[in-house]
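# Notes for the structure review
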Amino acid sequence: MKKHILRSSILAGIASLLFLFPTFKKSELKDIAKPHLGIYECKIAQIDEVDYLDKFSYIRLELKDGNKYELTYQKKGSKEGKKKGAYRYDKKTETLTLYLDSTKLIKKEFPLKKGVLSLSITLGEKTMYAQFEQK
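Residues numbered from 1 in each chain as written. Predicted model: local features only at pLDDT ≥ 70, side-chain atom pairs only at ≥ 80, totals over all residues. Heavy atoms only, no water.

### Some points on a nonpolar patch on the surface
A grouping of Leu100, Leu105 and Ile106 is seen on the molecular surface, where their side chains present a nonpolar patch of about 330 Å² in accessible area. With respect to the element layout, Ile106 can be found in the loop between β6 (95-99) and β7 (107-113). (Patch = residues over 30% accessible without salt bridge, like charges linked within 9 Å, V, L, I, M, F, W, Y side chains within 5 Å. Areas by Shrake-Rupley, 256 points an atom, 1.4 Å probe, with all protein chains shown as cover. Salt bridge = Lys/Arg side-chain N within 4 Å of Asp/Glu carboxyl O. Helix = DSSP H or I, 4+ residues; strand = E, 2+ residues; numbered from the N terminus.)

### Looking at the pattern of salt bridges
Tallied over the entire structure, the rule returns six salt bridges. Lys34 is the partner of Asp65 in a salt bridge, and the nearest nitrogen-oxygen pair spans 2.9 Å. With Asp65 in the loop between β3 (56-64) and β4 (68-75) and Lys34 in the loop between α2 (22-33) and β1 (38-47), the pair connects residues that are 31 residues apart, well separated along the chain. One network of salt bridges, with partners in common, ties together Lys64, Glu70, Lys82 and Lys84.

### Examining the packing of aromatic side chains
In total, this model carries one aromatic pair according to the counting rule given. Measuring from ring centre to ring centre gives 6.5 Å for Phe56 and Tyr73, while their planes differ by 80°; the resulting arrangement is edge-to-face. Of this pair, Phe56 sits in strand β3 while Tyr73 sits in strand β4; the two residues are 17 residues apart in sequence, bridging distant segments of the chain. Given the relative accessible area of 19%, Phe56 is considered buried. Directly above the aromatic system of Tyr58 lies the positively charged group of Arg60, at a separation of 4.1 Å from the ring centroid. (Phe/Tyr/Trp six-rings, centres within 6.5 Å; stacked < 30°, edge-to-face > 60°. Buried < 20%, exposed > 50% of the residue type's maximum accessible area, 1.4 Å probe, protein only. Lys NZ or Arg CZ within 6 Å of the ring centre and 35° of its normal.)

### Thoughts on the nonpolar core
Counting 19 residues, the largest nonpolar core has Leu63, Leu117 and Phe132 as the members making the most contacts within it. Those elements giving two or more residues to this core turn out to be β1, β3, β6, β7, β8 (116-123) and β9 (126-134). Those residues in contact with Leu63 that lie beyond four places of it in its chain are His36, Leu37, Gly38, Tyr40, Lys68, Tyr69, Tyr87, Leu96 and Leu112. (Core = buried A, V, L, I, M, F, W, Y, C linked by side-chain atoms within 4.5 Å. Contact = heavy atoms within 4.5 Å.)

### Re the environment of Glu125
Structurally, the position occupied by Glu125 is in the loop between β8 and β9. Taking the C-alpha atoms as reference points, Glu125 and Asp48, 77 residues apart in sequence, are found 9.2 Å from one another.

### A few points about the environment of Glu62
You can see Glu62 is positioned in strand β3. Considered as a pair, Glu62 and Leu37 are 25 residues apart in the sequence and their alpha carbons are 7.5 Å apart. Sequence-distant contacts of Glu62, defined by excluding residues within four places in its chain, comprise Gly38, Ile39, Lys68, Tyr69 and Glu70.

Right under this line is the structure:
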């Protein structure tokens, strides 16, 4: 009987602590449900194997809730630039589809696996490759 009361008291104490910190509880559930959300830092930026990353102070892609993204970048010696758009993440295929215009007619699909987003785009006869890693 004493063991049963002790276990009940411990469980009641843990439950009351969880209710005291509801924002902590919510953020944990959100992280599990949508692990793709967050900021991704560009680690590779190349066109036909020529490195362009050294021309930038930073390039970041933020995947936000509501299927919106924001690309921020700063060329060395210039002001910060921003591009916004929409995306769709497919958990089963581990792919991220970026919509490049507001009508969602122009779209590109890229693999997003284990926090690494790999983009490969053909521009005429040249190929642009970029890799972003989740912070």
